[in-house]
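Chains, contacts and geometry: an overview
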Amino acid sequence: MKKFLPLIAAVASATIFGFAMLFIKSGMAVVGQDTVKFLAFRFSIGFLVMSLLVLLRIRKVHYRGKPYPLLLLCGLFNPLISQVCETTSTSHAPTAQIAIGSSLIPIVMVLLSIPLNREYPTRRQMFFMVVAVAGVIITNLGGQMAGVTALGLILIAATVLAVSTNRVLVRRATHDFTSFEIIYATTGMGALGFSLFTICQHGMEGRLDELFIGFQSMDFIIAVLYMGIGSCVVGFLCMTYASANLPIAVSSTVSMLNTPITIAVGALILHEQVRPVDAIGAVVILAGLIGMSLSYDRNRSNKLVLQGDEEATLAKIPSR
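Calculation criteria
- Residues numbered from 1 in each chain as written.
- Predicted model: local features only at pLDDT ≥ 70, side-chain atom pairs only at ≥ 80, totals over all residues.
- Heavy atoms only, no water.
- Salt bridge = Lys/Arg side-chain N within 4 Å of Asp/Glu carboxyl O.
- Buried < 20%, exposed > 50% of the residue type's maximum accessible area, 1.4 Å probe, protein only.
- Helix = DSSP H or I, 4+ residues; strand = E, 2+ residues; numbered from the N terminus.
- Contact = heavy atoms within 4.5 Å.
- Core = buried A, V, L, I, M, F, W, Y, C linked by side-chain atoms within 4.5 Å.

1. Description of the pattern of salt bridges
Working definition: two side chains of opposite charge can pair if their charged atoms are close together. Under the defined criterion, the tally for this structure stands at four salt bridges. Salt-bridge contacts for E210 lead to R207; the nearest nitrogen and oxygen are separated by 3.0 Å. Taking the relative accessible area as the measure of exposure, E210 reaches 30% and is therefore partly exposed. For R207, a relative accessible area of 23% translates into the label partly exposed. Through salt bridges with shared partners, a single ionic network connects E205, R207 and E210.

What follows is the structure in structure tokens.
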């Protein structure tokens, strides 16, 4: 049973991230689509739980003498930029379209790694990238995508770019920081940034008494607990455990399960329209992404591990 735990952890993290849109939509509905307020509570809860892990010495962090400007840059792109775009996009696009857009993160990461990390894709990777892009083209067949607005498309594209940039920077940061140190610091940045903004906004509008009004609804409480503890803490710990104990091709492929899970959640639970062409496009995209995962240079991955960079592959896994 023990040998299956990393695989179980990978499936668990993909499932947790796959259901995220459901809770984002329900939480946002309670606070009148106030993106920053929702994010403030989500990241504050996540940061408090992670701080408890540090205080109990379950996890350790050490930042002294390390390149913190790089860490701040990671936090700028995710969560400060990406989460505002992603969370707001749920009000302007159906869950399926957001999931399909987010599935392109690995491709954008490969492209960004060329100028930023001087990492070049193999020919096989390039071929499967074209396959995945073909899947996106398929989802656009038949004219206007159902339920998505122009602003929604812009927000989805901005989310993909911000998360991809963050992941590429995280790959560089893992040479100096553990993955927990990175996520702990960036979660703290999100908690501080979003909380200050929403407090100042409510204060200037004379609505400080409405700051915690969302907690009168059980839907909001469940949403922020799921996103703050489930996504930020449990999902992250499962993902890092899986990435440390599974081959990169296996862990990154399993992580892609969150795309069909998100689409299924949108169709079956949120009752959003999913066209057959969307489903076909999603399958083609996933085929391209799986091909990319299986095309990583195995010798290069082994060299990274031998050099003690066991967490450098984390950035290749799409996550929240």
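2. Comments concerning helix α2 (residues 20-30)
An α-helix turns once per 3.6 residues; consequently, residues spaced three or four apart project the same way. Burial of α2 is extensive: eight of the 11 residues sit out of reach of the surface. A20, M21, L22, F23, I24, K25, G27 and M28 are the residues of α2 that are buried. Directly beyond the C-terminal end of α2, a positive phi value near 65° is found at G32.

3. Some thoughts on the environment of I229
With respect to the element layout, I229 can be found in helix α10 (residues 218-245). A residue is classified by how much of its surface remains accessible, and I229, at 30% relative accessible area, is partly exposed. In the structure, I229 is positioned 184 residues away from I45 in sequence and 6.9 Å away in space, judged by C-alpha atoms. Among all residues touching I229, those that are not within four sequence positions of it are I45, V49, V224 and V234.

4. A short note on the environment of A264
Looking at the element boundaries, A264 is found in helix α12 (residues 258-268). A residue is classified by how much of its surface remains accessible, and A264, at 31% relative accessible area, is partly exposed. In this structure the C-alpha to C-alpha distance between A264 and G18, which are 246 residues apart in sequence, comes to 9.0 Å.

5. Quick notes on unusual backbone geometry
Between N78 and the following residue, P79, the backbone shows a cis peptide bond with an omega angle of 25°. Unlike most non-glycine residues, R57 shows phi in positive territory, near 60°. On the secondary structure map, R57 appears in the loop between α3 (35-55) and α4 (68-89). Judged by its relative accessible area of 72%, R57 falls in the exposed class. Positive phi is not limited to glycine here, since H271 has a value of about 55°. Residue classification places H271 among the exposed residues on the basis of a relative accessible area of 67%.

6. Focus on the nonpolar core
Counting residues in each nonpolar core, the largest one holds 37 residues, and the members touching the most others are F38 and M227. Those elements that provide at least two residues to this core are α1 (5-18), α2, α3, α9 (179-204), α10 and α12. Grouped together as the second largest cluster of nonpolar side chains are 16 residues, L104, V110, A132 and A282 included.

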